[in-house]
Amino acid sequence: MLEFNTNTKSPNSSHQTNSELFLEGGFKLSSLEILNWGTFDGKIWKIETDGKGALITGENGSGKSTLVDAILTLLVANNKRNYNLSSGSGKRERSESTYVRGAYGNKMEELGVAKTKFCREEGKTYSILLAQFENLVLYGKITLAQFFWYDRGELKKFYITSTKDLSISHHFTDFQT
């Protein structure tokens, strides 16, 4: 757990308290890693922002909302989260399960019934989301991660918080599905 003494003066400033610097600095995303989330399949994808702003651009269907939804998944409780808000459709087409399995479209079955296509089979995959946040003023760091897998057809989750630098490649690989 991160702890800050907010009642003392900062060594960097003779007139600002640490709580004032905390509000000024805040925790900012420094990196995001994803493995098997949406159509980001089969390898670790990493975005580094170094605590600065980032602009995500791309054509429709290129994964912009998928990246934003990965961050939402780490920061917002499941019962309060709405995926793919940028689409404006108001429909709930995406869920943790569709992201873990990698839903990417529909195919027409017999009798004109549409069936969702997936990159990964239920029960034979796992997904990992990992983000690091940094407060450059107070020199604080926190890593948030979620690990998703299927057990007997049910999606399971494991949450991780750490003040250490973690990465998917060094800390969360070689799992059997």
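Computed from a predicted model, the values in this text were never measured in an experiment.

Participant: Even after reading the chapter, I still don't get the overall build of the protein, so can you show me in this structure?
Facilitator: Of the regular secondary structure elements, the protein holds 4 helices and 7 strands. Helices and strands appear in the protein in the N-to-C order α-β-β-α-α-β-β-β-β-β-α. Split into buried and exposed, the 177 residues of the protein put 36% on the buried side. Accessible area for the protein stands at about 11400 Å²; split by element, carbon and sulfur atoms hold 50% of it.

Participant: Honestly, the pattern of salt bridges in this entry has me stumped. Any pointers?
Facilitator: Opposite charge on two side chains allows them to pair when their charged atoms are near. Using the criterion set out here, one finds 9 salt bridges in the structure. Residue Glu-121 is joined to Lys-124 by a salt bridge in which the shortest nitrogen-to-oxygen separation is 3.8 Å. Per residue, the accessibility class of Glu-121 equals that of Lys-124, and both read exposed. A salt bridge links Glu-154 to Lys-156; its shortest N-O distance comes to 3.8 Å. Given the relative accessible area of 46%, Glu-154 is considered partly exposed. By sharing partners, the salt bridges in this structure join Arg-81, Glu-96 and Lys-157 into a single network.

Participant: What is the right way to look at the nonpolar core in this model?
Facilitator: Soluble globular proteins: nonpolar side chains tend toward being buried together. Core analysis: the largest hydrophobic core is formed by 17 residues, its most contacted members being Leu-32, Ile-34, Trp-37, Leu-74, Val-100, Leu-129 and Phe-148. Of all elements in the fold, only β1 (28-37), α2 (64-75), α3 (96-101), β5 (126-135) and β6 (140-151) reach the threshold of two or more residues within this core. In this structure, Ile-34 is in contact with Phe-40, Lys-43, Ile-44, Trp-45, Leu-67, Ala-70, Ile-128, Leu-129 and Ile-168, ignoring residues within four places of it in sequence. In terms of nonpolar packing, the next biggest core, distinct from the first, is built from 10 residues, Leu-130, Ala-145, Ile-168 and Phe-172 among them.

Participant: Explanation requested: the sheet that holds β6 in the structure shown.
Facilitator: On the basis of which strands lie adjacent, the open sheet formed by 5 strands has the order β2-β1-β5-β6-β7 and antiparallel pairing. Taken across any chain shown, the strands that pair with only one partner, and hence form the sheet edges, are β2 (40-48) and β7 (154-162). The sheet shows a mean angle of 10° between the axes of neighbouring strands, taken without regard to direction. Note: β6 against β7, 9 bridges, orientation antiparallel.

Participant: In this structure, what is going on with the side chain of Glu-33? I would like to understand it.
Facilitator: Here Glu-33 is to be found in strand β1. In this structure Glu-33 comes out as buried when scored by relative accessible area, which is 3%. Within the local environment of Glu-33, its side chain forms a polar contact with the backbone nitrogen of Ile-168, the two atoms lying 3.0 Å apart. The contact partners of Glu-33, leaving out residues within four places of it in the chain, are Ile-44, Trp-45, Lys-46, Ile-128, Leu-129, Leu-130, Leu-166, Ser-167, Ile-168 and Ser-169.

Participant: Even after reading the chapter, I still don't get the pairing of strand β4 (residues 114-118), so can you show me in this structure?
Facilitator: A regular strand carries its side chains on alternate faces of the sheet. Of the pairings in the sheet, the one linking strand β3 (residues 103-108) to β4 comprises 5 bridges and is antiparallel in character. Across the sheet, the residue bridging to Lys-107 is Lys-115, located in β4. Connecting β3 to the antiparallel partner β4 that follows it, the hairpin turn spans 5 residues, and Leu-111 within it adopts a positive phi of roughly 60°.

Participant: Please clarify how unusual backbone geometry should be interpreted in this entry.
Facilitator: One non-glycine residue with positive phi stands out, namely Asn-36, at about 55°. Summarising the element assignment, Asn-36 is placed in strand β1. On the basis of relative accessible area, Asn-36 is assigned to the buried category, the value being 10%. Its identity as a non-glycine residue notwithstanding, Arg-152 has a phi of 50°, on the positive side. Here Arg-152 lies in the loop between β6 and β7.

Participant: What am I meant to see in the packing of aromatic side chains here?
Facilitator: Where two aromatic rings form a pair, the distance of their centres and the angle of their planes describe that pair. Under the defined criterion, the tally for this structure stands at 6 aromatic pairs. With 5.4 Å between their ring centres and 20° between their planes, Tyr-126 and Phe-147 make a pair best called stacked. You can see Tyr-126 sitting in strand β5 and its partner Phe-147 sitting in strand β6, a full 21 residues away along the chain. For the pair shown, Tyr-126 and Phe-147 are each scored as buried. Aromatic ring contacts, followed pair by pair, group Trp-37, Tyr-83, Tyr-99 and Phe-148 into a single cluster. Stacked on the ring of Trp-45, the Lys or Arg Lys-43 has its end atom at 4.3 Å from the ring centre. In this arrangement the basic side chain of Arg-101 is found over the ring face of Phe-118, its NZ or CZ atom lying 3.7 Å from the centre.

Analysis parameters
Residues numbered from 1 in each chain as written. Predicted model: local features only at pLDDT ≥ 70, side-chain atom pairs only at ≥ 80, totals over all residues. Heavy atoms only, no water. Helix = DSSP H or I, 4+ residues; strand = E, 2+ residues; numbered from the N terminus. Buried < 20%, exposed > 50% of the residue type's maximum accessible area, 1.4 Å probe, protein only. Areas by Shrake-Rupley, 256 points an atom, 1.4 Å probe, with all protein chains shown as cover. Salt bridge = Lys/Arg side-chain N within 4 Å of Asp/Glu carboxyl O. Core = buried A, V, L, I, M, F, W, Y, C linked by side-chain atoms within 4.5 Å. Contact = heavy atoms within 4.5 Å. Pairing = 2+ DSSP bridges. Axes fitted to C-alpha atoms, helices over the stretch in contact; angles between N-to-C directions. Polar contact = N/O pair within 3.5 Å; in protein donor to acceptor, adjacent residues only side chain to side chain. Phe/Tyr/Trp six-rings, centres within 6.5 Å; stacked < 30°, edge-to-face > 60°. Lys NZ or Arg CZ within 6 Å of the ring centre and 35° of its normal.

Function cannot be read off these values alone, since they describe shape.
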